[in-house]
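Summary of the model geometry
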Amino acid sequence: MSKKRRSLLDRIISSLLALTLLLTMTAGAVSAADGDGIVIKLHYHRPDGEYDGWDVWFWAEGKDGNGYPFAEENGEMVSTFVADAGVARVGFIVRTAGWDKDINADQFIDIADVVSGTVHVYVESGVEGYTRELGEDAATGLKILGVRYDMDKNVITVTTTGEVPDSDTAFTLTDESGSEVAIHSVEQSGEWKYSVIPQGLLDMKGAYKLKYDGAEYDVVLPNIYSTAGFESDYTYTGDDLGANWTAEKTTFRVWAPTASAAAVNLYKSGTAGTNDLIEQITMTADVNGTWVAEKSGDLNGTYYTYTVTVNGQENEACDPYARTTGVNGARAMVIDLASTNPEGWENDKNPNADLTYNDAIIYELHVRDLSSDSSSGITNAGKFLGLTETGTTTSGGIPTGIDHIKDLGITHLHLLPIYDYGSVDESKLDTPQYNWGYDPVNYNVPEGSYSTDPYNGEVRVSELKQTVQSLHQNGISVVMDVVYNHVYNAGEFCFNKIVPGYFSRIDDYGVYSNGSGCGNDTASERSMVRKYIVDSVKYWADEYHIDGFRFDLVGLLDIETVNEIVTEVHKDHPDVIFYGEGWEMATSVTKSDIAMATQKNSTQTPGFAYFSDSIRDALKGSVFDKNPGYVSGSYGQASIIQMLFKGMSSWCTTPAQTVNYASCHDNNTLIDRITLSVPDASREDIIKMNNLAAAIYLTAEGIPFMQAGEEMLRTKPNADGTLNENSYNASDEVNSLKWDTLENEEYWSVYEYYKGLIEFRKAHPALRLTNAEDVKANVTSIPGLDNHVVAFDIKGGVNGETAEEIYIIFNPNKEEQEITVPEGTWNVCINGTTAGTRSLAVISDGKVTVEPISAMVLVKGETAAPSADSGKGSNAALWIIPAALVAAAGAVAGLAFFIRHRSKKKD
């Protein structure tokens, strides 16, 4: 490298040091340096007078939040929060420590007109909204919301809350010494926006303040991390980031291009705050902004962190590329990964590797939910190992856990987050804690609370591998829920501590972009963030044999990143499936011409599927209200069901990219949502609606997905009898699967119905078409049917289908419907109470009567083709049984079922 080039890089590094410091200072919010800020006093009134356990979660918009207690003031309960002068809105949630909310919504206090003093806010329990009153000391006026410098144009853009009088002389610019910097001119560039043009270019090594009306505001410097020059010089392409162990030595490499020094800290334990430093090793600057160090000897089991110096400030952080950690993920651990492999791991493989996306039947489960209820019979309750236990039953002998899931017939088990997350304290597992886990701390480390020893970094790794292997041995593929769109705490996230402000997007006001609603958005468009995400997904597929990835809020990630993930993983694992939430959300992307991985852009991510909120809401009603859907009486949805059944929609052009579902972990369970939308309906009808929804999405073209427990009428009642629609941190009592309900015929019959629907789908490839052309040529919606009945005629012979023809009818009405079907002899395989591949009745007169609120599926020719997992123990040779015999057999089986369970309960 030439001396001239080295000198240029030195200047860039020097500039970055100043930039990263300023980003660190301003990432939370743009604030005035002078004054004590704005004091918000929230007065809360509860008619019952019960205030114990309640507080207010406050946050300045774009910043992290915290809980603020109530204190009695003049006979009222008041919670106090101080906002910086530059804050325009403050969010609040009145809640308990367990996150029971008074109002289930984020509410915002508008203080855009308040410069200083006190704002009183009056909130009545159970009533959305508030009353605002200014205190006697409150001063109102114009405020500065953002001050951002564009180095390419040499323009400081000032965003305000109103018109600035005498704007050409209203602003003063100073440097870090307090000396005034000359301003060439000031121009109004838009409504409440002003362009302040300095006399000369600002020094990137400097820190500047803009003064207005006695207050000072930090000038946010441009996002140099996203420039082509920075990425050209500081994109590292090697595969050795992190701690690379051998028995002879361990090599450490960390990417820290803005650091002036870096070191590795070796510790005896993985517990943060423990004074057990073994050694600090100075690292050497290397290529593309990386730093390296080497330590001789076998370091397996040694804990470590990095310390980087940025602009004179030392930051200690966990390794972003940590393979495992100690308790709560604060310290990484050097690990011999091969030593964690269970016996036979080298032969472990995806049991459903031969399936297409459309052959998959996905079952979504939280690790704790499977085993935390006492009726599960599972020993390792709430742990990874609970997923390895077979032969578990309820007290009445009903199979639970993995045996239940295997018997149900699904192909892929989708696990809610199993990486290391921050919302459960791993050091306090003897106290009740629960969270879904959408709070990433260490992306490449298994969650410690699911292991039997969170203090030993080896245990979580080995136990997760045992879990994956056991599921594979039971014919179940494993999908991992990944959350790369945001982190638990952006300011404390290890990547951002090592390279301040790099991993997360920062908007024009100097605050973290918050499209995720979780306080920050990931800057996936930056080269080293993209590399990190791609490396992480590949690591899980390679090291843990994960068979699929569900991406949370993937609409916040860019298309190039998503496509690179799919391409790189499929090089070695072509059977891995990818799907996610392609919702559109506002986010401050740091580069121009970046397209996001949303539903409407699905054609640009051909190897990635998206959840269909379209069919979800059409089936049961929108998640944003309690209105009914097609199955519960909103018959106007019939035409939408006709379109969506074919696996395509206004945003999706192929059934290989649409995930069909009626419920998932978010919002109400299916039975709860139906119950809320039709409160006057009978229990019998509500169950019929539940089953009709399942029949639609499990026979539709596309990829079927279901929430664990939907097949046994899973409900989530709170202690007060209300139904929980956001149980992310509710108790095990709310969230756990209640296995003993299956001892009740009502629940067992629903389970058998779901099982039969899955069996039928797996037996008929015509329901699993992989492209639009085949669907258009072979799936026809039947026009002209009365009373909102929807029907489809599916040709045989396509995609390996051995039946001559399949005819599917959905009747949402409370009355039976007589429907004309094509000529020929038809076997009824699915009706309102029974589903499967065996014939329930034979129809040859061209008419069928469809029961109220039910589905009917008829098959001409053979009743079943080889199922999607033929050769794995399924029975492809199916019988045609007269309807009367089926009914008799069912009655005998039901009687035997109850005799057996009653006798066991007496023991």
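Structure first, text after, so check above.
Attention in this report is confined to the structure presented alongside it. (Residues numbered from 1 in each chain as written. Predicted model: local features only at pLDDT ≥ 70, side-chain atom pairs only at ≥ 80, totals over all residues. Heavy atoms only, no water.)

**Points about the nonpolar core**
In plain terms, the rule: What makes a nonpolar core is a set of buried Ala, Val, Leu, Ile, Met, Phe, Trp, Tyr and Cys residues whose side-chain atoms join them at distances within 4.5 Å. Think of it in three bands: residues with accessible area under 20% of the maximum for their type are buried, residues over 50% are exposed, and the middle band is partly exposed, with areas taken using a 1.4 Å probe on protein chains only. Contacts: residue pairs with any heavy atoms within 4.5 Å of one another.
Phe252, Trp255, Phe549, Phe551, Phe578 and Phe810 are the most contacted members of the largest nonpolar core, which totals 188 residues. Apart from residues no more than four positions distant in its own chain, tryptophan 255 is found in contact with Phe230, Tyr234, Tyr236, Leu241, Asn288, Gly289, Thr290, Phe495, Ile498, Val499, Tyr502 and Met528. Of all hydrophobic cores here, the second largest spans 23 residues; its members include Phe70, Ala83, Ile111 and Val121.

**Points about the pairing of strand β17 (residues 209–212)**
Heads up, the condition is: Helix and strand assignments come from DSSP, with helices taken as H or I runs of at least 4 residues and strands as E runs of at least 2, each series counted from the N terminus. If DSSP finds at least two bridges between two strands, the strands pair.
Of the two faces of β17, only one is covered, namely that formed by Leu210 and Tyr212; the face formed by Lys209 and Lys211 stays uncovered. When strand β13 (residues 171–174) meets β17, the two strands line up antiparallel, connected through four bridges. Paired with threonine 174 across the two strands is lysine 209, which belongs to β17. Pairing analysis gives four bridges linking β17 to strand β18 (residues 215–218), with the strands arranged antiparallel. Within the sheet, the bridge partner assigned to lysine 211 lies in β18 and is glutamate 216. Where β17 folds back onto β18 in an antiparallel hairpin, the turn is made up of two residues, including aspartate 213, whose phi is positive at roughly 50 degrees.

**So, the sheet that holds strand β19 (residues 242–245)**
Spatial strand order, β19-β20-β24-β23: four strands in an open sheet with antiparallel pairing. The open sheet terminates on both sides in strands that have one partner only, identified here as β19 and β23 (284–285). Across four bridges, β19 lies against strand β20 (residues 249–255) in antiparallel orientation. Bridge assignment links alanine 243 to a residue of β20, and that residue is phenylalanine 252.

**Regarding helix α10 (residues 613–620)**
A large share of α10 lies buried, amounting to six of its eight residues. Within α10, the full set of buried residues consists of Ile615, Arg616, Asp617, Ala618, Leu619 and Lys620. Of the surrounding elements, those touching the buried residues of α10 are α11 (638–644), β36 (658–660), α12 (670–677) and α13 (683–699). Phi turns positive, to about 105 degrees, at glycine 621, one or two residues after α10.

Purely geometric numbers; function is a separate question.
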